[in-house]
Amino acid sequence: MNIIQRFERNRVGRDFVVGDIHGCFDLLSRAMDTVGFDESCDRLFSVGDLVDRGPSSHEAIDWIAQPWFHAVRGNHEQMAIGVAQGRHDHDNYLRNGGGWFLSLGDDRQKLVAAVFDTLPIAIEIDHAVGRIGLVHADIWGESWDGFLRDMQSDLSNSKRHKLVEVALWSRSRIQAHQSGYPTSSVSDLHAMFVGHTPVEKPLCLGNVVYIDTGAVFGRSLTLINIADCVSAQAEAA
Ligand SMILES: [Mn+2]
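An unreviewed UniProt entry lists the protein under the name Serine/threonine protein phosphatase 1, with Dyella japonica given as the organism.

### Overview of the sheet that holds strand β5 (residues 122-127)
Taken in spatial order, the six strands of this open sheet run β1-β5-β6-β7-β9-β8, and their pairing is mixed. The outermost strands of the open sheet, each flanked by one partner alone, are β1 (4-7) and β8 (203-205). Recorded for the sheet is a direction-independent mean angle of 20° between the axes of neighbouring strands. The pairing of β8 with strand β9 (residues 208-210) spans three bridges and is classified as antiparallel. Residue pairing for β9: Leu203 is matched across the bridge by Tyr210.

### Overview of the UniProt feature "domain: Serine/threonine specific protein phosphatases" (unreviewed entry) in the protein
Summarizing the sequence annotation, UniProt attributes the feature "domain: Serine/threonine specific protein phosphatases" (unreviewed entry) to residues 72-77 in the numbering used throughout. Along residues 72-77, the helical share is 50% and the strand share 0%, with 10 Å between the first and last C-alpha atoms.

### What to know about the pairing of β5
In terms of burial, β5 is a largely internal element, five of the six residues being buried. Of the strand pairs in this sheet, β1 and β5 are connected by four bridges, and their pairing is parallel. In the strand pairing of β5, Ile4 is matched with Ala122. As defined by bridge partners, β5 adjoins strand β6 (residues 130-135) across six bridges and the pair is classed as antiparallel. Each bridged residue has a counterpart across the sheet, and for Glu124 the counterpart in β6 is Gly133. The hairpin formed by β5 and β6 contains two residues between the paired strands.

### Digging into the pairing of strand β7 (residues 191-194)
Of the two faces of β7, the one lined by Ala191 and Phe193 and the one lined by Met192 and Val194 are each fully buried. The pairing of β6 with β7 spans three bridges and is classified as parallel. In the sheet register, Leu134 faces β7, and the bridge partner there is Phe193. For β7 and β9, the ladder comprises three bridges, and the chain directions are parallel. Bridge pairing in β9 places Phe193 opposite Val209.

### Brief notes about the side chain of Arg173
Turning to its location among the elements, Arg173 is positioned in helix α9 (residues 172-178). Arg173 gets classed as buried once you look at its relative accessible area, which sits at 9%. Those residues in contact with Arg173, other than ones at most four positions away along the chain, are Asp138, Ile139, Gly141, Glu142, Thr183, Ser184, Val186, Leu205, Val208 and Tyr210.

### A closer look at the side chain of Ser170
Mapped onto the elements, Ser170 comes out in the loop between α8 (157-169) and α9. What makes Ser170 buried here is its relative accessible area of 14%. For Ser170, the side chain forms a polar contact with the side chain of Ser172, separated by 3.1 Å. Beyond its immediate chain neighbours, meaning those up to four positions away, Ser170 contacts Ala137, Asp138, Glu165 and His196.

Quick notes on the rules
Residues numbered from 1 in each chain as written. Predicted model: local features only at pLDDT ≥ 70, side-chain atom pairs only at ≥ 80, totals over all residues. Heavy atoms only, no water. Pairing = 2+ DSSP bridges. Helix = DSSP H or I, 4+ residues; strand = E, 2+ residues; numbered from the N terminus. Axes fitted to C-alpha atoms, helices over the stretch in contact; angles between N-to-C directions. UniProt positions renumbered as here; feature names shortened; annotations may be inferred. Buried < 20%, exposed > 50% of the residue type's maximum accessible area, 1.4 Å probe, protein only. Contact = heavy atoms within 4.5 Å. Polar contact = N/O pair within 3.5 Å; in protein donor to acceptor, adjacent residues only side chain to side chain.

Below, the structure written as structure tokens:
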């Protein structure tokens, strides 16, 4: 399993981050047109959950193949991998919008799952605003470097499984916020972008930015130029 993929600073173009796509690639294309996305120099980073529920999940592997498109793994990609490996319940995946995947032949399922299996748990970007982290749901603990160190250390399978569960499924931080508890920032990063839990508009909890604005539920797809997240944080502070 690929834990972390690191990117050097983009000195020629812009870096964007997009919320959970869930098969709404038509919305993504339109959002990219709006910002004048330039495939020759700009980069697009995704917080995962490219597939399920929406109309065009089958396009995901074509997007992943683009040299300017980089995604972390979401729990929905993980479910597809689990189905192809005989570890995840079909009915459960069907209820979660995986019908498009379940209707593929065995060979095609294995091929698509192998592509999803290349997606890292975390992405780190060196950006002019500072160090940027992406993970689908959250990290364990309050240190980015500590979490990555733990993930890459010599762990038992069950301990690693727990850390992956947090990265792909956790809602603890936002639920604590919704219950009125104070939230803290993640150290070692300027900002950490996450998806997974739909919010009405991008929400900053400390330096953790929630950007799944429910595109597949008829709300909006959030596409952010990372250079603008200096002001986003200032507004939230
Ligand atoms: Mn998710």
